[in-house]
Amino acid sequence: MNRLLDGPVDGMEKDGAVNHTVEVATSFHDKNTFRPTNSLVQPLLTDLYQITMAYAYWKAGKKDSFAVFDLFFRKNPFDGEYTIFAGLEEVLRYIYCFQFSEDDMGYIRSIMPAGTEEEFFQYLADMTTRDISVYAVPEGSIVFPREPLIRVEGPLPVAQMLETTLLTLVNFPSLVATNAARIRHAAGPSKELFEFGLRRAQGPDGGLSASKYVYIGGFDGTSNTLAGKLFGIPVRGTHAHSFVAAFTDLTSLKNKMMKHRKTGVEVDFVALSQKYRAEMAPLFQVIDNEIDGSGANNGELAAFTQYAMAFPNGFLALVDTFDTLR
């Protein structure tokens, strides 16, 4: 099989030895619930040559030939020493529900060459994965180059038809999970790590997938609320730059008082924040001018105090873009 993570990937290799794999049970009963998370993951999410090869196999009398395909990669990403295998659950969901729809068949008829035999289209319409067996290492495992991650056994055209989709369901997840594991290793076990990448992700599916697979790779949570709902990942949030920009100074604040969590005594939280800022300014070599806010930005402090007062037991601030060391 060609490279899984380092550059373009375009194939699974037939046969080959499988080391340290476990059989994955696919005896689920409800295809309405055990389906791919993304509705775009369907049999037509493949390359045309998978369909044309299926036709050539069929014409050559190989539709019942038994085949074994191994999915593996040749090089670890990021010049690293290991990879985290991810994407297996979505692979199983896809395989379990695999079947071309009537609408799919209409499109396939339109793109296949004239003269393609009608019997092949019927064969394709009836194609299922009931004779496919899947073996894999557990999702989240540390894996290495040339070690088979997934083995697919069954009728040659059917197993071949799964190739492209399995690769796309494993490549990105494993890349993201591996990167997350490297960050976790660098941060150490005591630090909390949260993923906030949705707005910069490669589209909605890229964002949702990344949230899921960084969690597998060792992060503690995500800001992505849909990922939290679908996958049970803890969700955490801070605030955007726009929240900071919405406050300009301390004098216009309407809410300055907050009750002490233990004593219940009300204190002027804004004044307390100013006091501590003045005490800490010399430590960080920050100019603190209470009158005009030069150096330390009063609008930024106003935003932070208001957000902290809204969430006194779970305050998480965005380190904004002002240069506080100027």
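Residues numbered from 1 in each chain as written. Predicted model: local features only at pLDDT ≥ 70, side-chain atom pairs only at ≥ 80, totals over all residues. Heavy atoms only, no water.

## Describing unusual backbone geometry
Right, on to step 1. One non-glycine residue, Phe-78, lies in the positive phi region at around 60°.
Right, on to step 2. With respect to the element layout, Phe-78 can be found in the loop between strand S3 (66-71) and strand S4 (83-84).
Right, on to step 3. In this structure Phe-78 comes out as partly exposed when scored by relative accessible area, which is 38%.
Right, on to step 4. Positive phi values are uncommon outside glycine, yet Asp-79 reaches one of about 55°. (Helix = DSSP H or I, 4+ residues; strand = E, 2+ residues; numbered from the N terminus. Buried < 20%, exposed > 50% of the residue type's maximum accessible area, 1.4 Å probe, protein only.)

## Description of the confidence of the model for the chain
Right, on to step 1. This prediction gives the chain a mean pLDDT of 87; 86% of its residues lie at or above 70.
Right, on to step 2. Confidence drops under a pLDDT of 50 for residues 1-11, and excluding neighbours within four residues, the segment shows 42 contacts in the predicted structure.
Right, on to step 3. This model gives residues 14-27 a pLDDT under 50, and the stretch forms 34 contacts once residues within four places in sequence are excluded. (pLDDT = per-residue confidence, 0-100. Contact = heavy atoms within 4.5 Å.)

## So, the packing of aromatic side chains
Right, on to step 1. Counted according to the given criterion, the structure contains 12 aromatic pairs.
Right, on to step 2. Taking 5.8 Å as the distance between ring centres and 90° as the angle between the ring planes, the aromatic pair formed by Tyr-94 and Phe-98 counts as edge-to-face. Across the pair, exposure class does not vary: Tyr-94 and Phe-98 are buried alike.
Right, on to step 3. Among the aromatic residues, those joined into a ring-pair cluster are Tyr-55, Trp-58, Phe-120, Phe-121 and Tyr-123. (Phe/Tyr/Trp six-rings, centres within 6.5 Å; stacked < 30°, edge-to-face > 60°.)

## Digging into the pairing of S3
Right, on to step 1. The buried fraction of S3 amounts to five of the six residues, a majority that puts the element mostly inside the structure.
Right, on to step 2. Relative to strand S7 (residues 150-155), S3 runs antiparallel, the two sharing six bridges. Residue pairing in the sheet places Leu-71 in a bridge with Ile-150 of S7. (Pairing = 2+ DSSP bridges.)

## Some remarks on the environment of Glu-81
Right, on to step 1. Its place among the elements puts Glu-81 in the loop between S3 and S4.
Right, on to step 2. According to the relative accessible area criterion, Glu-81 is exposed, its value standing at 64%.
Right, on to step 3. Sequence separation of Glu-81 and Ile-142 is 61 residues, and the distance between their C-alpha atoms is 10.0 Å.

## Let's talk about the nonpolar core
Right, on to step 1. Core analysis: the largest hydrophobic core is formed by 46 residues, its most contacted members being Phe-120, Leu-124 and Ile-150.
Right, on to step 2. It is helix H2 (residues 88-97) that contributes the most residues to this core, seven residues altogether.
Right, on to step 3. Excluding anything up to four places from it in sequence, Phe-120 contacts Ile-51, Ala-54, Tyr-55, Trp-58 and Met-112.
Right, on to step 4. Core analysis: the next-biggest nonpolar cluster, separate from the first, contains 11 residues, Ile-84, Val-176, Ala-210 and Val-214 among them. (Core = buried A, V, L, I, M, F, W, Y, C linked by side-chain atoms within 4.5 Å.)

## Things to note about helix H1 (residues 48-59)
Right, on to step 1. Here H1 spans 17 Å end to end across 12 residues, near enough to the 16 Å set by a 1.5 Å rise per residue.
Right, on to step 2. Along H1, the positions that sit buried rather than exposed are Gln-50, Ile-51, Ala-54, Tyr-55, Tyr-57 and Trp-58. One side of H1 carries all its buried residues, which in axial view fall inside an arc of 160°.
Right, on to step 3. With its phi angle positive at about 75°, Gly-61 sits one or two positions after the end of H1. (Expected span 1.5 Å × (residues − 1). Arc of directions from axis to C-beta.)

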